[in-house]
Amino acid sequence: MQILHDLDEIKTACRGAARRGTLGLVPTMGALHEGHLSLVRRACDECEQVAVSVFVNPLQFGDAADLQRYPRRLDDDAALLATAGAHIVAALQEQQMYPPGFSTRITQGPELTTSLEGAARPGHFEGVLTVVAKLFAIAGPCRAYFGRKDFQQTVVVQRLISDLDLPVELVVCDIRRDDDGLALSSRNAFLSAADRRRGLSLIAALSVAQQLFSAGETSGPALEAAMTTLLRDALGHDPDYAGIVDARDLSRRPTARVGDVAVVAGRVGAVRLLDNHVLGAPLPDAAADDRPPRPSATP
Ligand code: AMP
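Positions within a chain are numbered from 1, following the residues in the order the chain's sequence is written. Local features in this predicted model are restricted to residues whose pLDDT is 70 or higher, and side-chain atom pairs enter the listing and the counts only when it is 80 or higher, whereas totals over whole chains, interfaces and linings include all residues. The basis for the side-chain values is all heavy atoms of the structure; hydrogens and waters are excluded.

This part covers the site of the ligand. Inspection of the region around the ligand gives 17 residues, with Met29, Gly147, Asp150, Arg176 and Leu184 positioned closest. Any pair of N or O atoms that falls within 3.5 Å is considered a polar contact. Within protein, one atom must be able to donate a hydrogen and the other to accept it, and sequence-neighbouring residues count only if both atoms are side-chain atoms. Here an oxygen atom of the ligand sits 2.6 Å away from a polar atom, N or O, in the side chain of Asp150. Method for areas: the Shrake-Rupley scheme with a 1.4 Å probe, in which residue coverage is limited to the protein chains shown. Look at the ligand: alone it shows 490 Å² of surface, and the protein chains cover 92% of it. Of all the secondary structure elements, the ones that give two or more residues to the shell around the ligand are strand 2 (23-28), helix 2 (34-46) and strand 5 (142-147). Helix and strand assignments follow DSSP, with helices taken as H or I runs no shorter than four residues and strands as E runs no shorter than two, numbered in order from the N terminus. For the shell around the ligand, the element with the most residues is helix 2, which contributes three residues. Whether a residue is near a molecule or strand is decided by its heavy atoms; if any one of them lies within 4 Å of it, the residue is near.

Okay, structure coming up:
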């Protein structure tokens, strides 16, 4: 496995790798956990060569404190990636990604980027699109592996690829969770034990939405109200959002259908958590107990 820091060396390595077969690209911000590694392992199963980028992208952080404290541990990441079977670690540097004078930004129309995460984090998707477009340019033709944990991001990136006819095939991978059901995230390390328990309300809300839907409730607003009530009770404040959205265009669903996505996000202590669940898909084990929906959550 090569660990490369220089942008030209990374480009050369990716071009060389692509000549040996399909190149899988896994963009990350490091502080890797099992969620990231599941993407890498899938890429290794499906591609001859796999490059993992590690870059904490300042353009996608609205909150300077969040950027500053974001965990950075390249040595540990590299050890995990070697075990997972990656071939190239692209440890990109800010001076090369955004040198003095860098002024290009990639934006999209408001349809996909101003709701949900876009509303909670203004400018976030401009930062994501800019770095992802640059990563795709650096990697060249590839299969790019993204996690459904960041569901809206996958929709936005697919639109980028389609709109610009980029030579990239997007592969969306399942959410990996801890045993208690909490979606793995590099930021979970900042949760106190009490906040972590409160954070489980996200998967509980998704579980309630699925259970109500399975019981025949198809009103989008009713499902949203049930999730919001549960989250408000658990968090002690309103969630950033709790919605039932169309998987393709993220529009709010008046009537929910199988394949729509329940999305939730909220602040737990100093951490923002987000999660989602495709209606009709099995619930993760920790959330799939036999509890009936709480009466107060019934619309
Ligand atoms: P990040 O380092 O947070 O930018 O994440 C890099 C990639 O890993 C993104 O495509 C995420 O959606 C994905 N990812 C993060 N957490 C998880 C998880 N728990 N399960 C699956 N994929 C994840």
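Moving on to the packing of helix 8 (residues 124-139) against helix 9 (residues 151-163). For any two helices packed against each other, the geometry comes down to the angle between their axes and how far apart the axes lie. Running from N to C, helix 8 and helix 9 point in directions that differ by 50°, and their axes come no closer than 11 Å. The pairing of helix 8 with helix 9 is recorded here as oblique in orientation. Between helix 8 and helix 9 the crossing geometry is right-handed. Contacts from Phe125, Val128, Leu129, Val132, Ala133 and Phe136 in helix 8 reach Gln152, Gln153, Val156, Val157, Leu160 and Ile161 in helix 9. Here, axes are lines fitted to C-alpha atoms. For helices the fit covers the stretch in contact, and angles between N-to-C directions go from 0 to 180 degrees. Each angle gets one of four labels, with under 35 degrees taken as roughly parallel, over 145 as roughly antiparallel, 65 to 115 as roughly perpendicular, and the rest as oblique. By convention the crossing between two helices is left-handed if the near helix lies anticlockwise of the far one by an angle smaller than a right angle, and right-handed if it lies clockwise. Should any heavy atoms of two residues lie within 4.5 Å, those residues are counted as being in contact.

Residues enter a nonpolar core if they are buried and are Ala, Val, Leu, Ile, Met, Phe, Trp, Tyr or Cys, with the set joined through side-chain atoms within 4.5 Å. For every residue, the accessible area obtained with a 1.4 Å probe (protein chains only) is divided by the maximum for its type, and the residue is called buried under 20%, exposed over 50%, and partly exposed between those limits. If you look at the biggest cluster of nonpolar residues, it comprises 45 residues, and the most contacted ones within it are Leu92, Met97, Val132 and Phe136. Residue contributions to this core peak at 10 residues, all from helix 8. Apart from the residues lying within four places of it in its own chain, the contact partners of Leu92 are Leu7, Ile10, Ser53, Val54, Phe55, Met97, Leu135 and Ile138. If you look at the next biggest cluster of nonpolar residues, it comprises 26 residues, including Leu223, Ile244, Ala262 and Leu279.

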